Amino acid sequence: MATTKIPRILLIYTGGTIGMIENAVNHALEPFDFDHLIDNVPKIKMLGYEIEHVQFATPIDSSSMNPKHWGEIAEVIERHYDSVDGFVVLHGTDTMAYTASALSFMLENLRKPVIITGSQLPIGEVRTDGEENLITALQIAAATDAGGRPMVREVAILFEHHLWRGNRCIKRSADNFDAFKSNNYPELASIGLGIHFNRASLWRNDSRNMPLKVQYEMDDNLVMLDLFPGISRKVVEHVLNAPGLKGVVMKSFGAGNAPADEWFLDAVRQTVERGIVVVNITQCPNGCVHPQLYAAGLNLAKVGVVSGRDMTSEAAITKLMYLFGRGLSPDKVKEYLNMPLRGEMSAV
Ligand code: ASP
């Protein structure tokens, strides 16, 4: 880690367990303010960084997160982009993988670290994981390579002993400190006595020396359809005929397989014919959609469903929001779905 100057980091506090305290009456955890959070991590000063902070007017439980909030985070990043070395976003764990995925698309030409972290236990608790996560996230946001350039130039999630690519992650545990995992992509760094970056897996986009550009518009005319044996015709048809629908993330079985029932394939075919983009994502946490492997997967490809390959459903839905948000036609959206834009899927 080369340190030539005092790192300047912007801390963005959106809410989540990390900053929560217990309501004295009903004992439920509720978001609290930034000062409470910082007061509980006096060690931050030992880093010797210049740390500025911005907080949501009302910190939220991340289950209330929505594209407007993503826009608020992106706007803060855009406003401070030239004046700081990196960003740490404090966020609830519940929708952290969605926010990380969304920001990875919205922040076009990003070349500075945006490290998202939070915790499973509030920072005021004796056994909190929040202190370590926050400190490590700040160190990663400040890390530079031998040339003094940011080590991380993408949106990433730091949790416990791992740094993951943000759009490759899922929240895998509601209990464990090791709450996040990227099942289809290696960790960007492992955290032990030191922070060990896995340089081969870090995102590099240096050939295009373009300024940061934020795509604020995210289209929400989308649905995620999780298949299960026995899913009813009336429910499927109702969902696929929702007014204004533009895209569907279909969560299929195994290598991308779906029921071979005629009514089902007809409903999907008609949806695609109406110009709605349907993306096939596997329900398996690990692995990839292989439409040619089984007749049951080929059926979907034949009716015009696009393979989402090894994307997480969080990445797929936010990628659709972003692409439709850019005002692209369904054909263009399909074209971009087939290529990795921010390392969110493996290249063929
Ligand atoms: N419900 C909380 C949130 O997502 C959980 C957490 O932060 O771990 O805001």
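As a starting point, this report considers the structure included with it. These numbers were taken from a predicted model, which means no experiment stands behind them.

Calculation criteria
- Residues numbered from 1 in each chain as written.
- Predicted model: local features only at pLDDT ≥ 70, side-chain atom pairs only at ≥ 80, totals over all residues.
- Heavy atoms only, no water.
- Helix = DSSP H or I, 4+ residues; strand = E, 2+ residues; numbered from the N terminus.
- Near = heavy atom within 4 Å.
- Polar contact = N/O pair within 3.5 Å; in protein donor to acceptor, adjacent residues only side chain to side chain.
- Areas by Shrake-Rupley, 256 points an atom, 1.4 Å probe, with all protein chains shown as cover.
- Nonpolar A, V, L, I, M, F, W, Y, C, P; charged D, E, K, R; others polar.
- Salt bridge = Lys/Arg side-chain N within 4 Å of Asp/Glu carboxyl O.
- Buried < 20%, exposed > 50% of the residue type's maximum accessible area, 1.4 Å probe, protein only.
- Contact = heavy atoms within 4.5 Å.

### Here we look at unusual backbone geometry
Positioned with a positive phi, His27 is a non-glycine residue whose angle comes to about 65°. Relative to the assigned elements, His27 resides in the loop between strand S2 (20–22) and strand S3 (29–31). Of note in this structure, Glu160 is not a glycine but carries a positive phi near 50°.

### Notes on the site of the ligand
Near the ligand, the surroundings consist of Gly16, Thr17, Asp61, Ser62, Gly92, Thr93, Asp94, Ser119 and Gln120. Between a nitrogen atom of the ligand and a side-chain N or O atom of Asp61, the distance comes to 3.0 Å. Within the side chain of Ser62, an N or O atom sits 2.5 Å from an oxygen atom of the ligand. In isolation the ligand offers 270 Å² of accessible surface; the protein chains occlude 91% of this area. Tallied by class, the residues present in the shell around the ligand amount to no nonpolar, 7 polar and 2 charged.

### Overview of the pattern of salt bridges
Scanning the model with the defined rule gives 16 salt bridges in all. Where Arg172 meets Asp178, a salt bridge forms, and the shortest distance between an N and an O atom there is 3.0 Å. Lys319 is the salt-bridge partner of Glu344, the closest N and O atoms lying 2.5 Å from each other. Here Glu344 is found in the segment after helix H9 (330–337), whereas its partner Lys319 is found in helix H8 (residues 313–325), with 25 residues between them in sequence. Under the relative-accessibility criterion, Glu344 is labelled buried at 0%. With a relative accessible area of 0%, Lys319 lands in the buried category.

### Notes on the environment of Phe197
Turning to its location among the elements, Phe197 is positioned in strand S13 (residues 195–197). According to the relative accessible area criterion, Phe197 is buried, its value standing at 18%. For the pair formed by Phe197 and Val152, sequence separation is 45 residues and the distance between their alpha carbons is 9.0 Å. When neighbours within four sequence positions are excluded, Phe197 is seen to be in contact with Ile140, Ala143, Met151, Val152, Leu163, Leu188, Ala189 and Leu202.

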